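# A structural walkthrough
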Amino acid sequence: MPLAFWYMKEISIVIITLNEEENIGRCLASLIDVSDDIIVVDSGSVDRTEEICNEYSVRFVYRKFDNYSSQKNYGNQLAKYNYVFSIDADECLSEELKKSLNDIDTNLLNRVFTLNRLNHHSGKPIKFGGWYPDKKIRIWNRNFANWVGIIHEYLEFCEKPVFAHLNGDLLHFTYKTKAEHVKQAQRFSKLNAKSDFEKGKNISLIKIYFAPFFRFIAVYFFKFGFMDGEIGFFIAKTTSHATFLRYKELYGLKCKNKI
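Residues numbered from 1 in each chain as written. Predicted model: local features only at pLDDT ≥ 70, side-chain atom pairs only at ≥ 80, totals over all residues. Heavy atoms only, no water.

Another aspect to go through is the side chain of aspartate 134. Tracing the sequence through the fold places aspartate 134 in strand β8 (residues 134-141). Note on aspartate 134: relative accessible area 17%, which makes it buried. Separated by 3.3 Å, the side chains of aspartate 134 and asparagine 119 make a polar contact. (Helix = DSSP H or I, 4+ residues; strand = E, 2+ residues; numbered from the N terminus. Buried < 20%, exposed > 50% of the residue type's maximum accessible area, 1.4 Å probe, protein only. Polar contact = N/O pair within 3.5 Å; in protein donor to acceptor, adjacent residues only side chain to side chain.)

On to the pairing of strand β1 (residues 11-17). Judged by how many residues are buried, β1 sits mostly within the fold: 7 of 7 residues are covered. Pairing of β1 with strand β4 (residues 83-86), which is carried by 4 bridges, proceeds in the parallel orientation. Its bridge partner lying in β4, isoleucine 13 is registered against phenylalanine 85. Relative to strand β2 (residues 38-42), β1 runs parallel, the two sharing 5 bridges. The residue bridging threonine 17 from the neighbouring strand is aspartate 42, located in β2. Following the backbone out of β1, through helix α1 (residues 24-29) and into the adjacent parallel β2, one traces a crossover that is right-handed. (Pairing = 2+ DSSP bridges. Right-handed = clockwise from strand over helix to strand, strands pointing away.)

Considering all chains together, one arrives at 18 salt bridges under this definition. As a salt-bridge pair, aspartate 36 and lysine 80 come within 3.4 Å of each other at their nearest N and O atoms. Residue aspartate 36 is found in the loop between α1 and β2, and its partner lysine 80 is found in the loop between α3 (68-78) and β4; the two are separated by 44 residues along the sequence. Counted as one network, the salt bridges with shared partners bring together Lys72, Asp88, Glu91, Arg117, Asp134, Lys136, Arg138 and Glu153. (Salt bridge = Lys/Arg side-chain N within 4 Å of Asp/Glu carboxyl O.)

The next thing to look at is helix α5 (residues 178-198). For α5, spanning 21 residues, the distance from its first C-alpha to its last is 30 Å, which sits close to the expected 30 Å at 1.5 Å a residue. When α5 is considered as a whole, its buried residues turn out to be His181, Ala185, Ser189, Asn192, Ala193, Ser195 and Asp196. The buried residues of α5 occupy an angular sector of 155° when the element is viewed end-on, so they sit on one face. In α5, the exposed residues that point more than 90 degrees away from the buried face are Ala179, Lys183, Lys190 and Glu198. On its buried face, α5 sits against β6 (111-121), β11 (162-175) and α7 (230-256). Phi turns positive one or two residues past the end of α5, at glycine 200, with a value near 80°. (Expected span 1.5 Å × (residues − 1). Arc of directions from axis to C-beta. Contact = heavy atoms within 4.5 Å.)

Quick look at the structure:
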C-alpha cells in the first residue's frame, strides 16, 4: 500500500468529461494520492479518455449529458464520502493546495472550502485582468448543497454554511490557443444572450456599442491586464468583442419577439 494513502482525507472527487484525453491524465495524476474515491462521469467520449482513466484507480461511469448541473449532481450521488471536491478535467492541484487539504476536518457538517484558481492561457499563467484570484467553491458537504443553473452552474445551499479558504492554487489550463478562446467566447456570447432574453433583460443600441469599450478599459487598465503583456491585451480585446456579440444577439432576439 503506498505511503500516500495514509494522508488521504475522506473526500470524494467528482469530474465530468467528454473527450478529455489531452487533459484527464494530468488531472488524475495530481489527485491519485489525495483521495481513494475518484468518480469520472463521462457523457460519451470517443477518444482515449476512458482508456486513460482506467490507468488510475477511478470509477468511470457513463451518463447522457443534459446539462452541467445534473451531470455533476449525479456524480455527487455516487460519492463514497459526504464531502466532495468538484474539479474539471482541465484542472489540477498545485503541491501547496494538496498540502492544504490535510487541514480539512470532514467531521464538521456544513463547512465549505474555497480556493484560488490560477488560469493559464496559451501556456502562460494569467495573474491580472480579473483572472486571478479566481476564487471558487469546490469542496463542500453534498448533503447541504446541489448544483443548479444551465449555462453557468453554481451551488445552492439549503442552509447557510461556514466558509474556510485553502492555501494553494487550482491550476486551470483553460485555452491552449487564441483561436480556441475566440471560438469559446462566441459560443458563450450566444448562450448568455439567450439567458438574458429569458430573464427579460433590456438592451439599447447605445449599450451595444459603448459597453464593449468600457469592458476593454476595465479589463486592460483598471484590472491591470496590461501586466500580462501581449496575451493580456488579447484577453481584454476578446472579452470586449464577446460583450459586443452578447448584446447584439440580445438586441436581435428582442426585435424578433417584439409584439
